[in-house]
Amino acid sequence: QVQLVESGGGLVQAGGSLRLSCAASGRTFSSYAMGWFRQAPGKEREFVAAISWSGDSTYYADSVKGRFTISRDNAKGTVYLQMNSLKPGDTALYYCASKSMGAVDFGSWGQGTQVTVSS
């Protein structure tokens, strides 16, 4: 299991940008696919973006395509989510998660970092 700690959340005006970071413990970070999810008050958790273990493949929810970019630095054991052109609808608690090779689901989750976008 890998332990995950998110950071970088905050309050930003609509149209602004934030970069979230997720630091992972353990020496096998490079073998995990990583993802970002979010949960707004009263709503279910939803997928935002994911990246393969090598960083060669990325996936995005339609709602964030063209605005958010996921990336990773395996040497630093960190995954990032660059969020541009933020909207009030992006307000949520953002979680990062890891998925080991061969696993169907994301198995380890961080505690989350709050992103609030004001109009």
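In this text the structure is predicted, and so the values were computed from the model without any measurement.

**Focus: the pairing of strand β9 (residues 92-100)**
Part 1: Pairing geometry for strand β4 (residues 32-39) and β9, over 8 bridges, is antiparallel. Across the sheet, Trp36 pairs through a bridge with Cys96, a residue of β9.
Part 2: Bridge count for β9 against strand β11 (residues 113-118) is 3 bridges, and the pairing is antiparallel. Considered in β11, the bridge of Tyr94 is made with Thr113.
Part 3: In terms of strand pairing, β9 meets strand β10 (residues 108-109) through 2 bridges, oriented antiparallel. Paired with Ala97 across the bridge in β10 is Trp109.

**Description of the state of the cysteines**
Part 1: As enumerated under the stated definition, the model contains 1 disulfide in all.
Part 2: The disulfide that involves Cys22 links it to Cys96, with 1.9 Å between the sulfurs. An S-S torsion of about 40 degrees defines the bridge between Cys22 and Cys96 as right-handed. Taken together, the positions of Cys22 in strand β3 (residues 18-24) and Cys96 in strand β9 put the pair 74 residues apart, joining distant regions of the chain. With respect to class, Cys22 is no different from Cys96; both count as buried.

**Things to note about the pairing of β11**
Part 1: Along β11, the buried face is formed by Thr113, Val115 and Val117; none of Gln114, Thr116 and Ser118, which line the opposite face, is buried.
Part 2: Summarising the sheet, strand β2 (residues 10-13) and β11 pair through 4 bridges and their orientation is parallel. Considered in β11, the bridge of Val12 is made with Val117.

**What to know about the pattern of salt bridges**
Part 1: The full count for this structure, using the stated rule, is 4 salt bridges.
Part 2: A salt bridge links Glu46 to Arg38; its shortest N-O distance comes to 2.6 Å.
Part 3: Through salt bridges with shared partners, a single network forms among Arg38, Glu46, Arg67 and Asp90.

**Here we look at the nonpolar core**
Part 1: Grouped together as the largest cluster of nonpolar side chains are 28 residues, with contacts concentrated most on Met34, Trp36, Val48, Phe68, Leu81, Met83 and Tyr94.
Part 2: Counting only elements with at least two residues in this core, the list comes to β3, β4, β5 (46-51), β7 (68-73), β8 (78-83), β9 and β11.
Part 3: The element best represented in this core is β3, accounting for 4 residues.
Part 4: Each residue touching Met83, except ones within four places of it in the same chain, is listed here: Gly16, Ser17, Leu18, Leu20, Arg67, Phe68, Tyr94 and Val115.

Conventions adopted
Residues numbered from 1 in each chain as written. Predicted model: local features only at pLDDT ≥ 70, side-chain atom pairs only at ≥ 80, totals over all residues. Heavy atoms only, no water. Pairing = 2+ DSSP bridges. Helix = DSSP H or I, 4+ residues; strand = E, 2+ residues; numbered from the N terminus. Disulfide = S-S within 2.5 Å. Buried < 20%, exposed > 50% of the residue type's maximum accessible area, 1.4 Å probe, protein only. Salt bridge = Lys/Arg side-chain N within 4 Å of Asp/Glu carboxyl O. Core = buried A, V, L, I, M, F, W, Y, C linked by side-chain atoms within 4.5 Å. Contact = heavy atoms within 4.5 Å.

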